[in-house]
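# Commentary on secondary and tertiary structure
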Protein chains: 2
Amino acid sequence: MDAEAFKTQGREVLDYIASYLENIKDRPPLHNVTPGYLRKLIPDEAPNTPEAWDKVMKDIERVIMPGVTHWHSPHFHAYFPTANSYPAILADMLSDAIGCIGFTWNSSPACTELEVSMMDWLAQMLQLPKQFLFSEGEGGGVIQCTASDSTVMAILSARTAMSNKLKEENPDITNGEIINKLVAYTSEMSHSSAERAGLIAFTTMRTLPTDENGSLRGSTLEAAIKEDKAKGLRPFFCCATVGSTSSCSFDNLEELGPICTANDMWLHVDAAYAGSACICPEFRYLINGIEHCTTFNFNPHKWMNINFDCSPMWVKKRSLLSEAFVLDPLYLKHQHQDDYMPDYRHWQIPLGRRFRSLKVWFVIRLFGVEGLQANIRKDVQLAKKFESLVRGDSRFEIVGQVVLGLVCFRLKDTDQINEKLHDMINADRRIHLVPAYIKGKYTLRFAICASRTQDSDVDYAWDVIKDLTLKIKSEL
Amino acid sequence: MDAEAFKTQGREVLDYIASYLENIKDRPPLHNVTPGYLRKLIPDEAPNTPEAWDKVMKDIERVIMPGVTHWHSPHFHAYFPTANSYPAILADMLSDAIGCIGFTWNSSPACTELEVSMMDWLAQMLQLPKQFLFSEGEGGGVIQCTASDSTVMAILSARTAMSNKLKEENPDITNGEIINKLVAYTSEMSHSSAERAGLIAFTTMRTLPTDENGSLRGSTLEAAIKEDKAKGLRPFFCCATVGSTSSCSFDNLEELGPICTANDMWLHVDAAYAGSACICPEFRYLINGIEHCTTFNFNPHKWMNINFDCSPMWVKKRSLLSEAFVLDPLYLKHQHQDDYMPDYRHWQIPLGRRFRSLKVWFVIRLFGVEGLQANIRKDVQLAKKFESLVRGDSRFEIVGQVVLGLVCFRLKDTDQINEKLHDMINADRRIHLVPAYIKGKYTLRFAICASRTQDSDVDYAWDVIKDLTLKIKSEL
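### Re the overall build of chain A
When you go through chain A residue by residue, the secondary structure sums to 14 helices and 11 strands. Dimensions of chain A, computed from the C-alpha atoms along their principal axes, are close to 65 × 60 × 45 Å. Each of the 476 residues in chain A was classed as buried or not, and the buried ones make up 59%. Within chain A, counting contacts between residues at least 6 apart in sequence, those at least 24 apart form 72% of the total.

### Quick look at the sheet that holds strand S9 (residues 406-411) of chain A
All names here are of chain A. The four strands are arranged S8-S9-S11-S10 in an open sheet whose pairing can be described as antiparallel. Two strands lie at the open edges of the sheet, namely strand S8 (396-398) and strand S10 (434-438), each paired on one side alone. Taken over all neighbouring pairs, the strand axes of this sheet differ in orientation by 40° on average, direction set aside. Summarising the sheet, S8 and S9 pair through three bridges and their orientation is antiparallel. The residue of S9 that forms the bridge with Glu 397 is Arg 410. Its contacts with the sheet place helix H12 (residues 357-391) against S8, S9 and strand S11 (441-447), and it is angled at close to 15° to S9.

### Some points on helix H8 (residues 218-230) of chain A
Residue and element names in this part refer to chain A. Under the 1.5 Å per step criterion, the end-to-end length of H8 is 18 Å for 13 residues, consistent within 8% with the ideal 18 Å. Buried residues of H8: Thr 220, Leu 221 and Ile 225, and no others. Down the axis of H8, the smallest arc covering the buried residues is 130°, so these residues share one side. Turned more than 90 degrees away from the buried face of H8, the exposed residues are Ser 219, Ala 223, Lys 226 and Ala 230. Of the residues trailing H8, Gly 232 is marked for its positive phi of about 85°.

### Examining the nonpolar core
With 320 residues, the main nonpolar core has Leu94(A), Cys238(A) and Cys238(B) as its most contacted residues. If we ignore the near neighbours within four places in the chain, the residues touching Leu94(A) are Leu358(A), Val13(B), Ile17(B) and Ile60(B).

### Looking at the relation of the copies chain A and chain B
Mapping chain A onto chain B calls for a screw motion: a turn of 180° about the axis and a shift of 0.0 Å along it, with 0.0 Å RMSD after fitting. The superposition of one copy onto the other is thereby described by a two-fold rotation axis. For chain A, the residue whose C-alpha comes nearest the rotation axis is Gly176(A), separated from it by 1.8 Å. Most of the interface of chain A is mirrored in chain B, where 100% of its interface residues again form contacts.

### Overview of the interface of chain A and chain B
Taken residue by residue, the interface counts 119 residues in chain A and 119 residues in chain B. Split into classes, the residues belonging to the side of chain A that touches chain B amount to 67 nonpolar, 32 polar and 20 charged.

### Details of helix H7 (residues 192-201) of chain B
Among the 10 residues of H7(B), eight are classified as buried, and the element is accordingly described as predominantly covered. By the burial criterion, the buried members of H7(B) are Ser193(B), Ala194(B), Glu195(B), Arg196(B), Ala197(B), Gly198(B), Ile200(B) and Ala201(B). Summarising the contacts, the buried residues of H7(B) are in contact with helix H5 (147-169) of chain A together with helix H5 (147-169), strand S2 (182-187), strand S3 (204-208), strand S4 (234-241) and strand S5 (266-270) of chain B.

### So, the pairing of S3(B)
All names here are of chain B. As paired elements, S2 and S3 share five bridges and run parallel to each other. Among the inter-strand pairings, Val 183 is bridged to a residue of S3, identified as Thr 204. Handedness of the crossover joining S2 and S3 through H7 is recorded here as right-handed.

### Observations regarding the packing of helix H3 (residues 86-98) of chain A against H12(A)
The geometry of a pair of packed helices is captured by two quantities: the angle between their axes and the separation between those axes. Residue and element names in this part refer to chain A. Direction vectors running N to C along H3 and H12 enclose 150°, while the axes themselves pass 8 Å from each other. Where H3 crosses over H12, the two elements pack in a sense that is right-handed. Of the residues in H12, those touching H3 at Pro 87, Ala 88, Leu 90, Ala 91, Asp 92, Leu 94 and Ser 95 are Leu 358, Lys 359, Phe 362, Val 363 and Leu 366.

### Some details on the environment of Ala271(A)
All names here are of chain A. Tracing the sequence through the fold places Ala 271 in the loop between strand S5 (266-270) and strand S6 (295-297). Sequence separation between Ala 271 and Asn 299 is 28 residues, and the spatial gap between their C-alpha atoms is 7.5 Å. In contact with Ala 271, not counting residues within four places along its chain, are Val 242, Gly 243, Ile 287, Phe 296, Asn 297 and Phe 298.

### Describing the sheet that holds strand S9 (residues 406-411) of chain B
Residues and elements named next belong to chain B. Within the open sheet, the four strands sit side by side as S8-S9-S11-S10. Their pairing is antiparallel. Looking at strand neighbours, the two that pair on one side only are strand S8 (396-398) and strand S10 (434-438), the edges of this open sheet. Recorded for the sheet is a direction-independent mean angle of 40° between the axes of neighbouring strands. Strands S8, S9 and strand S11 (441-447) of the sheet are contacted by helix H12 (residues 357-391), whose axis makes an angle of about 15° with S9.

### Here we look at the environment of Ser117(A)
For Ser117(A), the location among the structural elements is in helix H4 (residues 109-125). In the structure, Ser117(A) is positioned 42 residues away from His75(A) in sequence and 36 Å away in space, judged by C-alpha atoms. Among all residues touching Ser117(A), those that are not within four sequence positions of it are Leu38(B), Arg39(B) and Ile42(B).

### Comments concerning the packing of H12(B) against helix H14 (residues 455-475) of chain B
Residue and element names in this part refer to chain B. Running from N to C, H12 and H14 point in directions that differ by 30°, and their axes come no closer than 10 Å. Viewed along their axes, H12 and H14 adopt a mutual orientation that is roughly parallel. Read as a crossing pair, H12 and H14 show a hand that is right-handed. Of the residues in H14, those in contact with Leu 382, Lys 385, Phe 386 and Leu 389 of H12 are Asp 455, Val 458 and Trp 462. Split by residue class, the contact of H12 with H14 holds five nonpolar, no polar and two charged.

### Some details on the pairing of strand S4 (residues 234-241) of chain A
Residue and element names in this part refer to chain A. Buried residues dominate S4, accounting for eight of its eight residues. Here strand S2 (residues 182-187) pairs with S4 via four bridges, running parallel. Within the sheet, the bridge partner assigned to Val 183 lies in S4 and is Pro 235. Of the strand pairs in this sheet, S4 and S5 are connected by five bridges, and their pairing is parallel. Bridge pairing in S5 links Cys 238 to Leu 267. After leaving S4, the chain enters helix H9 (residues 253-262) and then returns to the sheet as S5, a path that is right-handed.

### Some thoughts on unusual backbone geometry
Backbone torsion omega between Phe308(A) and Asp309(A) reads 0°, so that peptide bond is classified as cis. You can see Asp309(A) is positioned in the loop between helix H10 (300-303) and strand S7 (311-315). For Asn305(A), which is not a glycine, the phi torsion comes out positive at approximately 65°. In this fold, Asn305(A) is placed in the loop between H10 and S7. Unlike most non-glycine residues, Gln127(B) shows phi in positive territory, near 50°. Mapped onto the elements, Gln127(B) comes out in the loop between helix H4 (109-125) and strand S1 (140-144).

Parameters and conventions
- Residues numbered from 1 in each chain as written.
- Chains lettered and ligands numbered in written order.
- Predicted model: local features only at pLDDT ≥ 70, side-chain atom pairs only at ≥ 80, totals over all residues.
- Helix = DSSP H or I, 4+ residues; strand = E, 2+ residues; numbered from the N terminus.
- Buried ≥ 20, exposed ≤ 12 C-beta atoms within 10 Å, placed from the backbone.
- Contact = placed C-beta atoms within 7 Å.
- Pairing = 2+ DSSP bridges.
- Axes fitted to C-alpha atoms, helices over the stretch in contact; angles between N-to-C directions.
- Expected span 1.5 Å × (residues − 1).
- Arc of directions from axis to C-beta.
- Core = buried A, V, L, I, M, F, W, Y, C linked by C-beta atoms within 7 Å.
- Least-squares fit on C-alpha atoms with pLDDT ≥ 70 in both.
- Nonpolar A, V, L, I, M, F, W, Y, C, P; charged D, E, K, R; others polar.
- Right-handed = clockwise from strand over helix to strand, strands pointing away.
- Left-handed = near helix turned anticlockwise from the far one by under 90°.
- Parallel < 35°, antiparallel > 145°, perpendicular 65-115°, else oblique.

The quantities given are spatial measurements derived from coordinates; they are silent on function.
Right, here's the structure in full:
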């Protein structure tokens, strides 16, 4: 493919993308295939000689689209949103073309320096305390791939920090003795990736109960710490959640923070979904207490119009991340590596990294902060609208509180009936949602996901749910 | 930005990309900025209201390009290549537009199933033993972000497997006792990420010496295992390298493999750079012995025309990866999860994942296997040419063997003089390369990186090196 063919075929792809996204409502949000569908549609082996562009491009509709779950359909209400916007797509094209690997400052200074600036922009948009800004002190931030990577990087760095302290206290201590001493905490409402991070770190991870709103409270953490210290253990890490995946509940940072500080523990805050809302002044209270955390993470690739992957993570003291696992071969050294600009390879598990800050820059500038706020407010309004529809129907109940763009609800009936309703909704395929267990009860989750979702789409979804509820009730 | 604006501005971006890549030779490969250059060029805070497209697009030249190290310049000879091709860029555009998150089969079957098929295609292209194919048995593969992620996933999964065995042998054993027992091995020539994986796993990682060709030999590993077993330790993991970063040396898989098998150890093979060459029959011998490995990884995003990130990893037995850290919240369950199609979330550290197999599919089909082989053969030829230029100049010596696209060379002089030459080359900025210590000696690495590099570019680079060598000699 030469430059001229690239331009011609690129235009075809642009047209396809615009047409796909503008007409996405015409496609059912959930696929209708069974495992193994794709293998039957393509050859078993790679072609030896080049195929024609037209044939390849046509296969997007023939092979791919039947098996796509359309996350950007306004009728997709599963999981949490993943962002998608035209400015982000264009920035990613440029990132691919530049195709630099930004592992050190020297390997492409623009890649590192724009990321540094974007981390400061985002920190200001979230009104993070100044100590998290590069421009202000010892703190700073980095774009990780996902919230799971951030949690893993946080717990591993916390393990290193505490391990260094234990070795100072007792130079003869073995790594095994350290592992047996360390204990980490998270809440029963936190994402499965927090518990998985404990398995990866090979340290004990205790899952603590939450209050009636699904919030981990200070007294619960404090009691657990006391208990573990009495056993001779060393609490070192707490992962708190702001906007849990199951129910969008919020741990109490203002209570947890001082307890972590008093006990010399690393507090990591996972605000993967809800963090984006904090750019709106009316939702900023959700991260009150954030000044106590050691690391903070959220996903603009969920709810801030930036395509996956983009998971910024801040740390109060840069060296806590950057010195956790330093290895320094000559082929990665450069003359400026002791300057204040980071070598991001030390801040993450992978070595290589894409030029992801470019899409952050494009999206913030082309939407403006007000444009990004408007999108969040629209989605919260739509969730409130759905909540009032549910509340207006006595067969249903709301589970938990509707604070942002997620509504948890269920039929006032058994788990079995609710599961049946869930299965019918997804078999029907007009809308798509997923369930969660909340406080042990089978619950349906209705998330506002696509940036194209409007008022009428909420009515549509509610009509589908009522329609199927009638069916389920008549079948009983 | 509406659909019309996206199409118009997208065309502008396509034109910019084609012009950038076709004329990249006109830009010095190495940037000319100092740390902090970018912050002075952009505002300290995010804009509240949207900015005009033209202003944003113009900033690519004003703000970004001065700080770019141009990895796709034919005069870039540093590190190893990172791939970049028009077909991959177009596929990534479509991947961004679809914007699905493929953590489970159900969250977008096409994303998982095309990956399954592409892993089988690639395995066949590399002539991997059939046991690594999904279509053949218990094996299969997954696209990780980077080789570092693969090594980390391998050692962590190996730790789980061995930990389960030790717990079977002794149900009372603690995690700490396990940590103190486990020992892993890699070679002095392996990438820094192997040693770093040991720090992440919190297990002992021994760095073993290599023979005169930089190859880890069976006898060395065997002696180390014997020594450690005599101490009561439990060897569990070996990371072997096919094409090391420093010097493109090759560990001896045919010797290491049976020793790992005999000692119940997990053998991970990191062929990040050299793996791509194995699609050419004449280089396939480089992974002879691969049937002994537990996991195998290479980076088509280095040398197979697929943009970063794309780091396929195969495992002989799927459950070794997929059951290493299983957590199964309801919101991620689906009715087909026990079928033979994988839920890739279990195969990796992150939860979310992009639709990366799309660019694999486009690149293989639009180049054909023969096109991909031709690119590798061209680069090896150019390296051979550079080697003969160096050998024809009695002031220089070749270090190690030139097998693929990397030439390691040095002045027959002190480390200090060689370091001086390196610094002068990069200060000159007509070409860019990086050094490495090989067997304790400061050595220059000349890698053929860009797909656009031609015969005349090798002559150009050699002229630059000779020119600066004259200067350095006259200054003495």
